[in-house]
Amino acid sequence: MIGKLQGQVDFIGEDFVILMAGPVGYKVYTPEILTPKSTVTLWIETIVREDSIRLFGFLTQNTQNLFNLLTTVSGVGPKVAMAILGTIKTDTLLSAIATGDAKTISSAPGVGKKVAEKIIVELKNKVGGSSFDFASTSDSSTSALPDLLAALESLGYRRLDIIDIAQKIVSANPDSDVSKLVPIALKEISSGK
């Protein structure tokens, strides 16, 4: 089995790259955003089916581990797992699973509410393990996050555009309620544009 590949990105397709490792070009499916002619190292997950052998590549082992966890959920195959990882940042996804935020997970293409809820139920106890650097979200800091996200969404912001900012603000102000967090978030969002 191939565990890791290092080489130059020769071609970028819709959901894959051709990675030249020496004289051989490997077709690697990846959620990562890579640039042509760049040299990269990808952690490889090989999936063998009756009719195909596919390589899935990730820049970090945490992303690879999360891919493997996602594919253990019934109804989530490699294609859906790649769509989730290609749409939602790893930290954001881990936070969504830990806090039960099905709306964020279902924002990925091909993922409905039921699949998102199934991911949360089956993986909630697994994402806090030592294989992930996920100690940053404590119970006190997650309590205001859903309310802050709901408030910002009601103002017309997309969840995927604001979730990272909201998480940082809630972590930095763990004792503040939503009425104090919304102005901070709006100021942060407007300074980022």
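Cut-offs applied
Residues numbered from 1 in each chain as written. Predicted model: local features only at pLDDT ≥ 70, side-chain atom pairs only at ≥ 80, totals over all residues. Heavy atoms only, no water. Axes fitted to C-alpha atoms, helices over the stretch in contact; angles between N-to-C directions. Helix = DSSP H or I, 4+ residues; strand = E, 2+ residues; numbered from the N terminus. Parallel < 35°, antiparallel > 145°, perpendicular 65-115°, else oblique. Left-handed = near helix turned anticlockwise from the far one by under 90°. Contact = heavy atoms within 4.5 Å. Nonpolar A, V, L, I, M, F, W, Y, C, P; charged D, E, K, R; others polar. Pairing = 2+ DSSP bridges. Salt bridge = Lys/Arg side-chain N within 4 Å of Asp/Glu carboxyl O. Buried < 20%, exposed > 50% of the residue type's maximum accessible area, 1.4 Å probe, protein only. Core = buried A, V, L, I, M, F, W, Y, C linked by side-chain atoms within 4.5 Å.

**Q** Would you mind going over the packing of helix H7 (residues 145-154) against helix H8 (residues 159-172) with me for this structure?
**A** Axis angle and axis distance: for two packed helices, these are the angle between their axes and the distance between the axes, and together they describe the pair. For the pair H7 and H8, the least separation of the axes is 10 Å and the interaxial angle reads 140 degrees. Classed by the angle they form, the pair H7 and H8 counts as oblique. Crossing angle aside, the handedness with which H7 passes H8 is right-handed. Of the residues in H8, those touching H7 at Leu-145, Leu-148, Leu-149, Leu-152 and Glu-153 are Arg-159, Ile-162, Ile-163, Ala-166, Gln-167 and Val-170. Residues of the contact of H7 with H8, tallied by class, amount to eight nonpolar, one polar and two charged.

**Q** Where do I start with the sheet that holds strand S3 (residues 24-29) in this structure?
**A** The pairing of strands in a sheet comes from backbone hydrogen bonds and takes either a parallel or an antiparallel form. Spatial strand order, S1-S2-S3-S5-S4: five strands in a closed barrel with mixed pairing. On average, each strand axis in the sheet is tilted by 55 degrees relative to the strand beside it, whichever way the strands run. Direction of pairing for strand S1 (residues 4-12) relative to strand S4 (residues 39-48): antiparallel, over a ladder of five bridges. Residue pairing for S4: Gln-8 is matched across the bridge by Thr-39. The strands that helix H1 (residues 61-70) touches are S4 and strand S5 (53-58); relative to S4, the one it contacts most, it runs at about 20 degrees. Most of the contacts of helix H2 (residues 78-87) go to S5, to which it runs at about 20 degrees, and overall it touches S3, S4 and S5.

**Q** Please explain the pattern of salt bridges as it appears in this structure.
**A** A side chain with one charge can pair with a side chain of the opposite charge if their charged atoms come near. If you walk through the whole model with that rule in mind, you get two salt bridges. Measuring nitrogen to oxygen at the nearest pair gives 3.4 Å for the salt bridge that ties Asp-10 to Lys-37. On the criterion of sequence distance, the pair formed by Asp-10 in strand S1 and Lys-37 in the loop between S3 and S4 is long-range, its members being 27 residues apart. Residue Asp-10 is classed as partly exposed on the basis of its relative accessible area of 37%. Between Glu-117 and Lys-113 there is a salt bridge, with the nearest N and O atoms lying 4.0 Å from each other. Of this pair, Glu-117 and Lys-113 both sit in helix H5 (residues 113-123), four residues apart, which is roughly one turn of the helix. Relative accessible area serves as the criterion here: at 59%, Lys-113 is assigned to the exposed category.

**Q** Would you take a moment to explain the pairing of S5 for this structure?
**A** Looking along a regular strand, one sees side chains alternate from face to face of the sheet. Of the pairings in the sheet, the one linking S3 to S5 comprises two bridges and is parallel in character. Its bridge partner lying in S5, Tyr-29 is registered against Phe-56. Pairing geometry for S4 and S5, over six bridges, is antiparallel. Bridge pairing links Thr-46 to Leu-55 in S5. What sits between S4 and S5 in their antiparallel hairpin is a turn of four residues.

**Q** It is not clear to me how the nonpolar core should be interpreted in this structure. Could you clarify?
**A** Note on soluble globular proteins: their nonpolar side chains tend to be buried together. Counting residues in hydrophobic clusters, the biggest one holds 31 residues, and the most contacted among them are Phe-67, Leu-70, Ile-84, Leu-93, Ile-105, Ile-119 and Leu-123. Sorting elements by how many residues they give to this core places H2 first, with five residues. By size, the runner-up hydrophobic cluster in this structure holds 16 residues, among which are Ala-144, Ile-169, Leu-181 and Ile-189.

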